[in-house]
Amino acid sequence: MADEGKDNSVNPELLAERKKATFDVSELTTLIDQSTDVTEERKEVEKFLYDDPNIPHPFSLLGVSSEEYHKKVLATAKYVEKKISNVDLPGQIPGGTPYLYSSYIRYIAAPSESPILTHTALFVPTVLTQSTEEQAANWIPLIDNGKIIGSYAQTELGHGSDIKQLETTATYDENTEEFILHSPTITSIKCWPGALGRTANFAVIMAQLYTKGKCYGLHMFMVQLRDLESHAHVSGVKIGELGPKMGFLGADNGFLRLTNVRIPRLNMLMKHAQVLKDGTYVKPQHERSSYGTMVYIRMGVISNASLELGQACTIAIRYSAIRRQGVLTDGGSEVKILDYQTQQYKLFPQVATAYAIYFTFQKMVKMYIETMNNLIAEKLNEMHVLSCAMKAMSSHLGATGAEICRQACGGLGYLHASRIPMICALIQASCTYEGDNTIMKLQTAKYLIKSVKMMENGENIGVTVQYLKKKKDKGPSTCMTEFVNMFDTTTANMILEVDKKLNNDLKSSENEAIAWQNNAVNLARCSHLHAQVFVIRSVHEFLLNTKLSVSLCQVLEKLFELLAIYWIQDNAGEILLYGKYSPKKLQEINSRIPDLLNVLRPNIVSLVDGFDFCDASLQSVIGSYDGRVYERFYDYLSNLPSNKLEVIIICICL
Ligand SMILES: Cc1cc2nc3c(=O)[nH]c(=O)nc-3n(C[C@H](O)[C@H](O)[C@H](O)COP(=O)(O)OP(=O)(O)OC[C@H]3O[C@@H](n4cnc5c(N)ncnc54)[C@H](O)[C@@H]3O)c2cc1C
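Residues numbered from 1 in each chain as written. Predicted model: local features only at pLDDT ≥ 70, side-chain atom pairs only at ≥ 80, totals over all residues. Heavy atoms only, no water.

Some points on the sheet that holds strand E6 (residues 190–191)
Part 1: Read from one edge of the open sheet, three strands run E6-E10-E9, paired in antiparallel fashion. Strand pairing shows two members of the sheet lacking a second neighbour, E6 and strand E9 (237–241), which therefore form its edges.
Part 2: Relative to strand E10 (residues 254–258), E9 is paired through five bridges, and the arrangement is antiparallel. What sits directly across from Lys-238, in E10, is Arg-257. (Pairing = 2+ DSSP bridges. Helix = DSSP H or I, 4+ residues; strand = E, 2+ residues; numbered from the N terminus.)

Brief notes about helix H3 (residues 36–50)
Part 1: In a regular helix each residue adds 1.5 Å, so 15 residues correspond to 21 Å; H3 covers 21 Å between its end C-alpha atoms and thus fits that length.
Part 2: Of the positions making up H3, those classed as buried are Thr-39, Arg-42, Val-45, Glu-46, Leu-49 and Tyr-50. Projected down its long axis, H3 shows its buried positions confined to an angular sector of 125°, all on one face. In this structure, H3 carries Asp-37, Glu-40, Glu-44 and Lys-47 as exposed residues pointing more than 90 degrees from its buried face. (Expected span 1.5 Å × (residues − 1). Buried < 20%, exposed > 50% of the residue type's maximum accessible area, 1.4 Å probe, protein only. Arc of directions from axis to C-beta.)

Side note on the environment of Arg-323
Part 1: Residue placement: Arg-323 occurs in the loop between helix H7 (291–322) and helix H8 (341–374).
Part 2: C-alpha of Arg-323 to C-alpha of Val-629: the two residues are 306 residues apart in sequence and 8.6 Å apart in space.
Part 3: Those residues in contact with Arg-323, other than ones at most four positions away along the chain, are Val-335, Lys-336, Ile-337 and Tyr-630. (Contact = heavy atoms within 4.5 Å.)

As for the UniProt feature "binding site: FAD" (unreviewed entry) in the protein chain
Part 1: Under the local residue numbering, the UniProt record ascribes the feature "binding site: FAD" (unreviewed entry) to Thr-155 and Gly-194. Taken together, the annotated residues stretch across 40 residues yet fold into one region, lying no more than 10.9 Å apart by C-alpha.
Part 2: With respect to the helices and strands, Thr-155 occurs in the loop between strand E3 (150–153) and strand E4 (169–173).
Part 3: With a relative accessible area of 26%, Thr-155 lands in the partly exposed category.
Part 4: With sequence-adjacent residues up to four places away left out, Thr-155 is seen in contact with Gly-160, Ile-189, Lys-190 and Cys-191.
Part 5: Inspection of the secondary structure puts Gly-194 in the loop between E6 and strand E7 (202–211).
Part 6: For Gly-194, a relative accessible area of 5% gives the class buried. (UniProt positions renumbered as here; feature names shortened; annotations may be inferred.)

A word on the side chain of Arg-18
Part 1: Take Arg-18: it is sitting in helix H1 (residues 12–19).
Part 2: A distance of 3.1 Å separates the side chain of Arg-18 from the backbone oxygen of Tyr-625, its partner in a polar contact. (Polar contact = N/O pair within 3.5 Å; in protein donor to acceptor, adjacent residues only side chain to side chain.)

What to know about the site of the ligand
Part 1: Surrounding the ligand, one finds 21 residues, the nearest of these being Tyr-152, Gln-154, Thr-155, Ser-161 and Asp-436.
Part 2: At 3.1 Å, a backbone N or O of Gly-160 approaches an oxygen atom of the ligand.
Part 3: A distance of 2.5 Å separates an oxygen atom of the ligand from a polar side-chain atom of Ser-161.
Part 4: Surface burial for the ligand is 64%, taken as the share of its 960 Å² of free accessible area covered by protein chains. (Near = heavy atom within 4 Å. Areas by Shrake-Rupley, 256 points an atom, 1.4 Å probe, with all protein chains shown as cover.)

Laid out in structure tokens, this is it:
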């Protein structure tokens, strides 16, 4: 059962916590799902998937060999795909693949560890958005019926962040009307693509296109790697897996070396750029035609970071509501660790971060749909930059937040059985993949500096950088407007200062890149603040514009006030230096923390319940809905395969 023991045998400590809540949890869940219908549909999908004994319990995978792990998670992933494709579930795209942004994707059986994650999240969207209709008609049926399982191969051993330097070549041969794909050096070996190690039989490969002796830069090619029936390597393909890594145990990341592999001309993804039969290159109409796909994929990272952080918070808060440690008075009863102010200040801001980023993500989805419907170059560029800044900030805060949750659970948080180490490993990886966070921030900074120039020239600037016009704080009216102003003015002034320094350096440096280098730390910091401004503004607007009951609105207001203060503390240096706020002002703001923690304390268990993660999705012995931490932990120990052996063989040999 998904929520075993949900209605009975709940630990009385948690029952009491839930009774203290001042708002209706289901209203909060509806905000995430966006309608009660979706909540119902999601629950249907959960029941459909998790009440199935053919889906193995994750603990049965602990400690198995990498081959066995891959075999089991692949079998499960295929089973789930097949099961989904046989019924008409809501929120699907063709082929039974759950739509990336459907509100219940987070509940689908351990997707981030599936060898076909890259297929679903990268390969399929790329094929769908970068192919011509004719190409899609060829490939999509094979993808739909599970014949083609794909990887997305961009990164090489020698280059990841600086993709312009990728070395893999795709050279057009007019005589045979084929491209020849080749990895000319060891550093050109594709390295990291998911599903490549053992699973994929096709990959979208990013390679430098050569035709008529001229290089036209990076383009995408659909390349078969393994036989569709026997799974044998295609001639010229050397392929394998990367070995043990921190997380993504089942994701099957691999390497690939291509030696003069020939593919038909029409295997170049030609929706935008094309190579004609005679080798003539036709450039894309829009230079940034693949931005839409990149934005879409990065938004997936943002939503995952917030929901995975939400999972870590759910586990840590429930555990902290049960766990007792230490006494405050001689002979007094042991204290719930959730009642320690330090524990609250570790965890409550993480709950706030998870909700704030998720609600901001929902706003971004609307902006994205609008942008894609009206394809205006500047808007697409702004959306692209926003997705870079938000991706970097969300994955960074998700990773640091999950680590805080891990430490908040003491020793048990370090065990895989708590699930938090795996959550940490998953979010940490997202700081690197889909664009290393530093690179994302530096890209964002370029846009910020360009916006300053545009503003100075009297040109219109994007909606996400309007705060640049606000060098002075106009004064508070409510707590949240005060914080929005504080972030606006601090960020605007910091960007203007960095721009000034950059301009001076540009005049004195031998080249532009060196001037940017001299300011890179501050430029990256501006990007982080730019994303935080967007989130603080978004949650403020969310509270103003969403129809909420008074009771929920009051709790969310306090939650986001706490978040703003937490971020103000984090940016105190910039706020004093660039925002020109006084230390006294910061002191006054900090003094509000204890009151906020007290107001949130009775609601915090219900706040994490609001995410509505079912036990089967949390996969945690210490974080389940019923709060039976110690009983479940003892069961887990008793059922560990190694503990079932009466005598450990190795001990007899010693
Ligand atoms: C779990 C996981 C899954 C992945 N899946 C895929 C996949 O499916 N397909 C795929 O193609 N790739 C995949 N990747 C690869 C990933 O996209 C790259 O690792 C990433 O782009 C970083 O490139 P790199 O590893 O070469 O690091 P590098 O680019 O070498 O970066 C190393 C360090 O140098 C810094 N640095 C680099 N350049 C600069 C600069 N100009 N200025 C300042 N600092 C700089 C970076 O910030 C970083 O700290 C995956 C990676 C991981 C971890």
